[in-house]
Amino acid sequence: MPKHTINPNQWIDLYSDYLFNFTISRVNDREKAKDLVQDTFFAGLKSMKNFKGEASERTWLISILKRKIIDHYRKINSNKGKAEVRVEFNTEDDEGSWLEKRVADTDYRTAEDEIVNNELGDAIYDCLSKLPEKQATVFRMKTIEGLETETICNDLNITASNLWVIIHRARTSMAACMEKNWF
(Lines give C-alpha, C1' and ligand atoms only; values in the text may rest on other atoms or scores of the structure.)
Protein backbone atom coordinates (compact mmCIF):
# COMPACT_ATOMS: atom_id res chain seq x y z
CA MET A 1 0.00 0.00 0.00
CA PRO A 2 1.58 3.32 -1.08
CA LYS A 3 2.18 5.80 1.72
CA HIS A 4 2.36 8.86 -0.56
CA THR A 5 0.15 10.07 -3.40
CA ILE A 6 0.96 12.20 -6.40
CA ASN A 7 -0.81 15.43 -7.33
CA PRO A 8 0.83 17.25 -10.27
CA ASN A 9 -1.67 20.13 -10.00
CA GLN A 10 0.13 21.24 -6.82
CA TRP A 11 3.73 20.80 -7.98
CA ILE A 12 4.42 24.38 -9.02
CA ASP A 13 2.97 25.86 -5.84
CA LEU A 14 4.59 23.32 -3.54
CA TYR A 15 7.93 22.50 -5.12
CA SER A 16 9.05 25.01 -7.77
CA ASP A 17 10.94 27.30 -5.37
CA TYR A 18 12.63 24.40 -3.61
CA LEU A 19 13.61 22.71 -6.88
CA PHE A 20 14.88 26.01 -8.31
CA ASN A 21 17.04 26.72 -5.24
CA PHE A 22 18.35 23.16 -5.34
CA THR A 23 19.21 23.57 -9.03
CA ILE A 24 20.71 27.06 -8.97
CA SER A 25 23.23 25.98 -6.34
CA ARG A 26 24.42 23.30 -8.76
CA VAL A 27 24.34 24.88 -12.22
CA ASN A 28 25.17 28.53 -11.45
CA ASP A 29 22.90 29.77 -14.26
CA ARG A 30 19.38 31.06 -13.54
CA GLU A 31 17.96 30.34 -17.00
CA LYS A 32 19.44 26.84 -17.11
CA ALA A 33 18.09 26.21 -13.60
CA LYS A 34 14.59 27.26 -14.72
CA ASP A 35 14.85 24.99 -17.75
CA LEU A 36 15.97 22.03 -15.65
CA VAL A 37 13.10 22.50 -13.18
CA GLN A 38 10.65 22.71 -16.08
CA ASP A 39 12.17 19.57 -17.61
CA THR A 40 11.80 17.87 -14.22
CA PHE A 41 8.10 18.68 -14.01
CA PHE A 42 7.60 17.49 -17.59
CA ALA A 43 9.50 14.25 -16.94
CA GLY A 44 7.46 13.76 -13.75
CA LEU A 45 4.23 14.11 -15.70
CA LYS A 46 5.45 11.65 -18.31
CA SER A 47 6.44 9.07 -15.69
CA MET A 48 3.59 9.51 -13.18
CA LYS A 49 2.60 5.89 -13.70
CA ASN A 50 5.99 4.87 -12.29
CA PHE A 51 5.43 6.71 -8.99
CA LYS A 52 5.06 3.94 -6.39
CA GLY A 53 4.30 6.14 -3.39
CA GLU A 54 7.26 4.78 -1.41
CA ALA A 55 8.81 8.27 -1.21
CA SER A 56 7.25 11.71 -1.00
CA GLU A 57 6.49 13.65 -4.17
CA ARG A 58 9.30 16.09 -3.39
CA THR A 59 11.84 13.29 -2.95
CA TRP A 60 10.68 11.70 -6.19
CA LEU A 61 10.93 15.01 -8.06
CA ILE A 62 14.39 15.69 -6.60
CA SER A 63 15.59 12.30 -7.84
CA ILE A 64 14.35 13.20 -11.34
CA LEU A 65 15.99 16.63 -11.07
CA LYS A 66 19.33 15.14 -9.99
CA ARG A 67 19.34 13.00 -13.13
CA LYS A 68 18.53 16.10 -15.22
CA ILE A 69 21.45 17.99 -13.65
CA ILE A 70 23.81 15.07 -14.23
CA ASP A 71 22.64 14.84 -17.85
CA HIS A 72 23.28 18.60 -18.21
CA TYR A 73 26.88 18.20 -17.03
CA ARG A 74 27.42 15.11 -19.14
CA LYS A 75 26.34 17.08 -22.16
CA ILE A 76 28.64 20.03 -21.52
CA ASN A 77 31.55 17.80 -20.50
CA SER A 78 31.30 15.38 -23.39
CA ASN A 79 34.20 17.06 -25.19
CA LYS A 80 36.46 14.06 -25.54
CA GLY A 81 40.11 14.48 -26.32
CA LYS A 82 40.81 17.43 -24.07
CA ALA A 83 44.15 17.34 -22.33
CA GLU A 84 43.93 15.88 -18.87
CA VAL A 85 46.40 16.33 -16.05
CA ARG A 86 47.04 13.09 -14.21
CA VAL A 87 48.70 13.57 -10.86
CA GLU A 88 48.57 11.29 -7.86
CA PHE A 89 47.19 13.27 -4.97
CA ASN A 90 46.35 12.08 -1.51
CA THR A 91 44.04 14.11 0.67
CA GLU A 92 42.52 13.88 4.10
CA ASP A 93 38.79 13.27 4.22
CA ASP A 94 37.94 16.50 5.97
CA GLU A 95 39.91 18.81 3.66
CA GLY A 96 37.47 21.38 2.38
CA SER A 97 34.88 20.57 4.99
CA TRP A 98 35.22 24.17 6.16
CA LEU A 99 32.17 24.93 4.01
CA GLU A 100 29.88 22.38 5.62
CA LYS A 101 31.03 23.40 9.11
CA ARG A 102 29.98 27.00 8.51
CA VAL A 103 26.45 26.28 7.30
CA ALA A 104 23.92 27.07 10.04
CA ASP A 105 21.48 24.54 11.48
CA THR A 106 18.14 25.37 9.83
CA ASP A 107 16.07 24.28 12.85
CA TYR A 108 17.16 27.15 15.10
CA ARG A 109 17.29 30.32 13.01
CA THR A 110 16.71 33.86 14.15
CA ALA A 111 16.16 36.82 11.83
CA GLU A 112 19.82 37.72 12.24
CA ASP A 113 20.83 34.14 11.38
CA GLU A 114 18.70 34.37 8.25
CA ILE A 115 20.49 37.56 7.15
CA VAL A 116 23.91 36.05 7.87
CA ASN A 117 22.95 32.85 6.03
CA ASN A 118 21.76 34.84 3.01
CA GLU A 119 25.02 36.80 3.02
CA LEU A 120 27.01 33.58 3.30
CA GLY A 121 25.02 32.04 0.47
CA ASP A 122 25.67 35.11 -1.68
CA ALA A 123 29.39 34.96 -0.87
CA ILE A 124 29.56 31.23 -1.73
CA TYR A 125 27.60 31.79 -4.95
CA ASP A 126 29.88 34.70 -5.87
CA CYS A 127 33.02 32.65 -5.21
CA LEU A 128 31.64 29.68 -7.16
CA SER A 129 30.96 31.93 -10.14
CA LYS A 130 34.65 32.95 -10.16
CA LEU A 131 35.90 29.36 -10.44
CA PRO A 132 36.62 27.80 -13.82
CA GLU A 133 33.53 25.86 -14.92
CA LYS A 134 34.98 22.38 -14.41
CA GLN A 135 36.25 23.26 -10.91
CA ALA A 136 32.86 24.75 -9.99
CA THR A 137 31.07 21.66 -11.28
CA VAL A 138 33.31 19.23 -9.39
CA PHE A 139 33.14 21.36 -6.22
CA ARG A 140 29.31 21.43 -6.32
CA MET A 141 29.01 17.70 -6.96
CA LYS A 142 31.53 16.63 -4.29
CA THR A 143 31.24 19.25 -1.56
CA ILE A 144 27.67 20.52 -1.83
CA GLU A 145 25.80 17.52 -3.24
CA GLY A 146 28.00 14.98 -1.48
CA LEU A 147 28.21 12.67 -4.48
CA GLU A 148 30.64 9.76 -4.40
CA THR A 149 33.97 10.04 -6.23
CA GLU A 150 33.08 7.17 -8.56
CA THR A 151 29.78 8.80 -9.54
CA ILE A 152 31.43 12.13 -10.29
CA CYS A 153 34.21 10.49 -12.28
CA ASN A 154 31.71 8.52 -14.35
CA ASP A 155 29.44 11.53 -14.90
CA LEU A 156 32.26 13.87 -15.92
CA ASN A 157 34.44 11.24 -17.61
CA ILE A 158 37.51 12.00 -15.47
CA THR A 159 39.85 9.84 -13.40
CA ALA A 160 39.80 9.79 -9.61
CA SER A 161 43.25 11.37 -9.41
CA ASN A 162 42.14 14.13 -11.77
CA LEU A 163 39.04 14.70 -9.63
CA TRP A 164 41.15 15.16 -6.51
CA VAL A 165 43.45 17.62 -8.27
CA ILE A 166 40.42 19.59 -9.47
CA ILE A 167 38.69 19.49 -6.05
CA HIS A 168 41.90 20.57 -4.30
CA ARG A 169 42.28 23.54 -6.64
CA ALA A 170 38.61 24.44 -6.29
CA ARG A 171 38.69 24.21 -2.49
CA THR A 172 41.87 26.26 -2.31
CA SER A 173 40.35 28.95 -4.55
CA MET A 174 37.05 28.88 -2.65
CA ALA A 175 38.82 29.19 0.71
CA ALA A 176 40.88 32.16 -0.52
CA CYS A 177 37.82 33.82 -2.04
CA MET A 178 35.70 33.25 1.07
CA GLU A 179 38.52 34.53 3.28
CA LYS A 180 38.68 37.70 1.19
CA ASN A 181 34.93 38.26 0.72
CA TRP A 182 33.27 36.81 3.81
CA PHE A 183 35.46 36.65 6.92
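One structure accompanies this document, and this report is about it. (Residues numbered from 1 in each chain as written. Predicted model: local features only at pLDDT ≥ 70, side-chain atom pairs only at ≥ 80, totals over all residues. Heavy atoms only, no water.)

**Side note on the packing of helix H1 (residues 11–27) against helix H3 (residues 57–76)**
Their axes nearest at 11 Å, the elements H1 and H3 cross at an angle of 35°. For the element pair H1 and H3, the recorded crossing hand is right-handed. Of H3, the residues touching H1 (which contributes Trp 11, Tyr 15, Tyr 18, Leu 19, Phe 22, Thr 23, Arg 26 and Val 27) are Glu 57, Arg 58, Trp 60, Leu 61, Ile 62, Leu 65, Lys 66, Ile 69, His 72 and Tyr 73. When its residues are assigned to classes, the contact of H1 with H3 shows twelve nonpolar, two polar and four charged. (Axes fitted to C-alpha atoms, helices over the stretch in contact; angles between N-to-C directions. Helix = DSSP H or I, 4+ residues; strand = E, 2+ residues; numbered from the N terminus. Left-handed = near helix turned anticlockwise from the far one by under 90°. Contact = heavy atoms within 4.5 Å. Nonpolar A, V, L, I, M, F, W, Y, C, P; charged D, E, K, R; others polar.)

**Examining the pattern of salt bridges**
Here the structure, examined in full by the defined rule, presents five salt bridges. The partner of Glu 145 in a salt bridge is Arg 26, with the nearest N and O atoms 3.4 Å apart. On the criterion of sequence distance, the pair formed by Glu 145 in the loop between helix H6 (133–144) and helix H7 (149–156) and Arg 26 in helix H1 is long-range, its members being 119 residues apart. Arg 26 gets classed as buried once you look at its relative accessible area, which sits at 8%. A salt bridge links Arg 74 to Asp 155; the shortest N-O distance between them is 2.8 Å. Of this pair, Arg 74 sits in helix H3 while Asp 155 sits in helix H7, and the two are 81 residues apart along the sequence. Judged by relative accessible area, Arg 74 falls into the partly exposed class, the value being 33%. Each of Asp 71, Arg 74 and Asp 155 takes part in a single network of salt bridges with overlapping partners. (Salt bridge = Lys/Arg side-chain N within 4 Å of Asp/Glu carboxyl O. Buried < 20%, exposed > 50% of the residue type's maximum accessible area, 1.4 Å probe, protein only.)

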